[in-house]
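Remarks on the overall topology
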Amino acid sequence: MASSAAIDAWPSSPYSSSAPDGDVLRSLHRLARDLSEAEAPAPFLRGVFAAVARRARQLAAVFDDLLLLSAGAGPLLLLPRSASLCLREVLLVLQRFKALVADCAARSRTRLLLQSDEVAARARELQHDLATLLDLLPAQELGLADDVADLLALASRQCRRPAAAVDAEVGLKAGVLALIQEVEREIVPERERLEGILEEVGINDPASCSDEIETLEREIGDRVAERWTSSMIALVGLLRYAKCVLFSAATPRLVDSKADLDDDGAEPPSPPLDFRCPISLELMSDPVVASSGQTYDRESITRWFGSGKSTCPKTGQVLTSLELVPNKSLKNLIARWCRENGVAVEVAEAGKAEPAPVVAANKAALEAARMTASFLVKKLSASFSPEATKRVVHEIRQLAKSGSDNRAFIGEAGAAALLVPLLRSEDSALQLDAVTALLNLSILEANKKRIMHAEGAVDALCHVMCSGASWRAKENAAATVLSLAAVHTYRRRLGRNPRVIESVVQLARTGPSSTKKDALAALLSLSAERENVGRLVEAGAAEAAVSAIGEAEAAAAVLASLAKRGGAEAIVALDGAVARLVAEMRRGTEWSRECAAAALVLLCRRAGAAAAAQVMAVAGVEWAIWELLGTGTDRARRKAASLGRACRRWAAAGAEQGTECPTVSGATPALTMAS
């Protein structure tokens, strides 16, 4: 909140010393009315907020009388100087009351409970300040009636009255802290006791419990209460457990499956332009601000700096510093958009190392997570209704979404084997939750083994990729294959399964852009094993990658990987493959340009003159090499130079044999430089 000095600097504000007295009175009256209607943000603060509301109602009556007395003066109203100054100070105190109310309303309820003594102390301090000002207010000079002056004196006395200790509030706080300590000692909370405590806190349904968890997690990340951070972390775990035990695992929110229930032909929603990285044009997962003020995805801008550049990609200006500042507000907006549109942000992170948590989980939080995982998996293994199964699987998906500890506990409890049969469910929402839960679990190395050893897991993933109820489910199945293929032995095993190869290739051919991206990433991983390349080429992986050039940056990388391990001749034989790689070398992203150049070099080396002839026959290839030499990454420049030398050698060999070189006439600076 602004200080009084800053407020005085705003001439149009009612807080300003130059503001008319009439404006000040109207602001006082409006503010007192607002405070009189303020509701306690949590049941245990009703006493504190009720006292504030009573004082505000008394003052509203006083200010109402003052406005009636001054009605005849209109805008020319002039109060006695002492009264005017005093009322302006009262206005500031009431504004601080309003700020306190707003601050409490924005906090999580459990954090409010932990800090309830601080909130009460702040309210008492403000009431004491208000009482002092009311004592100084010259009631006679203002011409207040006796009953109104008595009301003013009553408000002052009540503001000074010592607040009675609220035993219930103190007991509730002690009960919550005791519950955390019991969980820390691996004592499972009694259902009735847990339900009673949450009822007193004001958490009595799945929605309020979910909102409390989200708010607490945000507050922990923002480090708003360092003293209570450990307890807040424990409470997040405890609330997740309570949500499952007390509320039967909350019914999935509609937004979670909104995009997944569309027809198979529907494209996933396109993110707003402001949410896309200016470099990769993809949805940003970790937006950061450069010193130019422009926002980029961390991975893209880091790669830009890593290539030796120190300019802003969007504006071209030289950056004074390469330091990157996280754009938390934009990240929150992107996360909200993803939730509202059913975009599974965890998919993009499945193959990447998970960032370290802002604050490490403590013993109580870990034990609460273990209890939650055990409860959910036991409930899933029992025989109950399809609707209950959907709710439990949804909660397992959400719990596995973040934190390696959560994934470990769910995996240890035996969730993988129970989720696999659900991949064949005809219920689109259940199938999506099951495959996404497996994807989230697969991020942990130990869970990869559990999934691969679960009976029928690979066939079930192939079923989803081929016959899944939604593109989102198919996409997540392909991402799961990508995650599993990160292990060398599993990459071989997956590559030996014809259904896996055929399913992934089919998705790369026919899926929407986001599905193609994951399918091509899976193909790239599978092609890293030489023995898989023949099967991939036979299944049409090269054709799928060529058709995806320009749409997915991994397409060129897949072709380079195939060419490196025996697929070069098959790629050269494809109509237009070389021409599309040359075009990608000019118009693609930094990484795809680099991969396109690498693929062309490998084709020339492995397929010889047949490939070089096609490269030289493409109009503008010299300038594509020239541009990459000047603007590409270090690796891209090396590949461009190698490609230039290969083309030059082929041209020279053709000249010696008396054959005509199909290169476009004109200057060939790239070939000259490459020599």
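Residues numbered from 1 in each chain as written. Predicted model: local features only at pLDDT ≥ 70, side-chain atom pairs only at ≥ 80, totals over all residues. Heavy atoms only, no water.

In terms of helices and strands, the chain carries 36 helices and three strands. Expressed as a percentage of the 675 residues in the chain, the buried residues total 52%. By element, 52% of the accessible surface of the chain is carried by carbon and sulfur atoms, the whole surface being about 30300 Å². (Helix = DSSP H or I, 4+ residues; strand = E, 2+ residues; numbered from the N terminus. Buried < 20%, exposed > 50% of the residue type's maximum accessible area, 1.4 Å probe, protein only. Areas by Shrake-Rupley, 256 points an atom, 1.4 Å probe, with all protein chains shown as cover.)

Now for the side chain of Glu-594. Relative to the helices and strands, Glu-594 is located in helix α32 (residues 590-607). The residues contacting Glu-594, other than those within four sequence positions of it, are Thr-633, Arg-635 and Ala-636. (Contact = heavy atoms within 4.5 Å.)

Together, Arg-530, Lys-564, Arg-605, Arg-606, Arg-645 and Arg-649 make up a positively charged patch on the protein surface. Those elements that place two or more of their residues in the positive patch are α32 and α35 (634-656). With respect to the helices and strands, the residue Arg-605 is situated in helix α32. (Patch = residues over 30% accessible without salt bridge, like charges linked within 9 Å, V, L, I, M, F, W, Y side chains within 5 Å. Salt bridge = Lys/Arg side-chain N within 4 Å of Asp/Glu carboxyl O. Lys, Arg positive; Asp, Glu negative; His and termini not counted. Charge placed at Lys NZ, Arg CZ, Asp CG, Glu CD.)

With their axes 11 Å apart at the nearest point, helix α22 (residues 445-453) and helix α25 (residues 488-495) run at an angle of 25° to one another. On the basis of their axis angle, the class for α22 and α25 is roughly parallel. The handedness of the crossing between α22 and α25 comes out as left-handed. Each of Lys-448, Lys-449, Met-452 and His-453 in α22 lies in contact with α25, whose residues at this interface are Tyr-490, Arg-493 and Leu-494. In the contact of α22 with α25, the residues fall into three nonpolar, one polar and three charged. (Axes fitted to C-alpha atoms, helices over the stretch in contact; angles between N-to-C directions. Parallel < 35°, antiparallel > 145°, perpendicular 65-115°, else oblique. Left-handed = near helix turned anticlockwise from the far one by under 90°. Nonpolar A, V, L, I, M, F, W, Y, C, P; charged D, E, K, R; others polar.)

Here we take up the packing of helix α3 (residues 46-69) against helix α8 (residues 146-160). Axis separation between α3 and α8 bottoms out at 10 Å; the angle between their running directions is 155°. With respect to their mutual orientation, α3 and α8 come out roughly antiparallel. Viewed along their axes, α3 and α8 form a crossing whose handedness is left-handed. Contacts from Arg-55, Gln-58, Leu-59, Ala-61, Val-62 and Asp-65 in α3 reach Val-148, Leu-151, Leu-152, Leu-154, Ala-155, Gln-158 and Cys-159 in α8. Here the residues of the contact of α3 with α8 sort into nine nonpolar, two polar and two charged.

A few words on the packing of aromatic side chains. In the structure shown here, the tally under the stated rule is two aromatic pairs. Arranged with centres 6.4 Å apart and planes meeting at 70°, the rings of Tyr-241 and Phe-375 form a pair that is edge-to-face. Taken together, the residues span a long stretch of sequence, with Tyr-241 in helix α12 (residues 229-246) and Phe-375 in helix α17 (residues 363-381) at a distance of 134 residues. Take Tyr-241: its relative accessible area is 7%, and that puts it in the buried class. Their ring planes at 85° and their centres at 6.3 Å tell us that Trp-623 and Trp-626 sit as a pair that is edge-to-face. One end of the pair, Trp-623, and the other, Trp-626, are both in helix α34 (residues 621-631), three residues apart, so they sit about a helical turn from each other. The class of Trp-623 is partly exposed, set by a relative accessible area of 41%. Taking NZ or CZ as reference, Lys-474 lies 4.2 Å from the ring centre of Trp-471, over its face. (Phe/Tyr/Trp six-rings, centres within 6.5 Å; stacked < 30°, edge-to-face > 60°. Lys NZ or Arg CZ within 6 Å of the ring centre and 35° of its normal.)

Our next topic: the sheet that holds strand β2 (residues 295-297). What the three strands build is an open sheet, ordered β2-β1-β3; its pairing is antiparallel. This sheet does not close on itself; its edge strands, each paired only once, are β2 and β3 (325-326). Those strands touched by helix α14 (residues 298-306) are β1 (287-289), β2 and β3, and its axis lies near 95° from that of β2. (Pairing = 2+ DSSP bridges.)

Of all 11 residues that make up helix α23 (residues 457-467), eight are buried, and the element is covered over most of its length. Taken together, the buried positions of α23 are Ala-457, Val-458, Ala-460, Leu-461, Cys-462, His-463, Val-464 and Met-465.

Over the atoms a probe the size of a water molecule is rolled, and this reveals where empty space is left. Scanning the entire structure with this criterion turns up four cavities of 30 Å³ or more. Taken as a whole, the second largest cavity encloses approximately 80 Å³ of empty space. Forming the boundary of the second largest cavity are Thr-110, Val-176, Leu-179, Leu-194, Ile-197, Leu-198, Val-201, Leu-235, Leu-238, Leu-239 and Ala-242. Those elements that provide at least two residues to the lining of the second largest cavity are α9 (167-184), α10 (191-201) and α12. Classifying every residue of the lining of the second largest cavity by side-chain character gives 10 nonpolar, one polar and no charged. (1 Å grid on protein atoms, 1.4 Å probe; cavity = no way out; pocket = protein on both sides within 12 Å on 5 of 7 lines; lining within 4 Å. Points joined across faces, edges and corners; volume = space filled by probe spheres on them.)

Glancing now at the pattern of salt bridges. Inspection of every chain in the model, using the stated rule, returns 30 salt bridges. Here Lys-98 makes a salt bridge to Asp-34, at a shortest N to O gap of 3.9 Å. Pair noted here: Lys-98 is in helix α4 (residues 81-106) and Asp-34 is in helix α2 (residues 21-36), with a separation of 64 residues, a long-range link. Assessed through its relative accessible area of 36%, Lys-98 is described here as partly exposed. What makes Asp-34 partly exposed here is its relative accessible area of 36%. Notably, a salt bridge pairs Glu-395 with Lys-243, separated by 3.3 Å at the nearest N-O pair. In this pair, Glu-395 sits in helix α18 (residues 386-400) while Lys-243 sits in helix α12, placing the two residues 152 residues apart along the sequence. No difference in accessibility class separates Glu-395 from Lys-243, as the two residues are buried. Each of Arg-491, Arg-492, Arg-496, Glu-529, Glu-531 and Arg-535 takes part in a single network of salt bridges with overlapping partners.

A few words now on the side chain of Thr-633. By the element assignment, Thr-633 lies in the loop between α34 and α35. In this structure Thr-633 touches Ser-307, Glu-590 and Glu-594, once residues within four positions along its chain are discounted.

Looking now at the nonpolar core. Membership of the largest hydrophobic core comes to 113 residues, with the highest contact counts inside it found for Leu-419, Leu-520 and Leu-603. Those residues in contact with Leu-520, other than ones at most four positions away along the chain, are Ala-508, Ala-545, Ala-548, Ala-552, Ala-554, Ala-555 and Val-558. Membership of the second largest hydrophobic core comes to 82 residues, among which are Ala-32, Leu-67, Leu-179 and Phe-247. (Core = buried A, V, L, I, M, F, W, Y, C linked by side-chain atoms within 4.5 Å.)

Among all positions in helix α19 (residues 404-412), only Asn-406, Arg-407, Ala-408, Phe-409, Ile-410 and Gly-411 are buried. Against the buried residues of α19 lie α12, α17, α18, α20 (415-419), α21 (428-442) and α22. Gly-414 sits one or two residues past α19 and shows a positive phi near 95°.

Worth remembering: the numbers are spatial, not functional.
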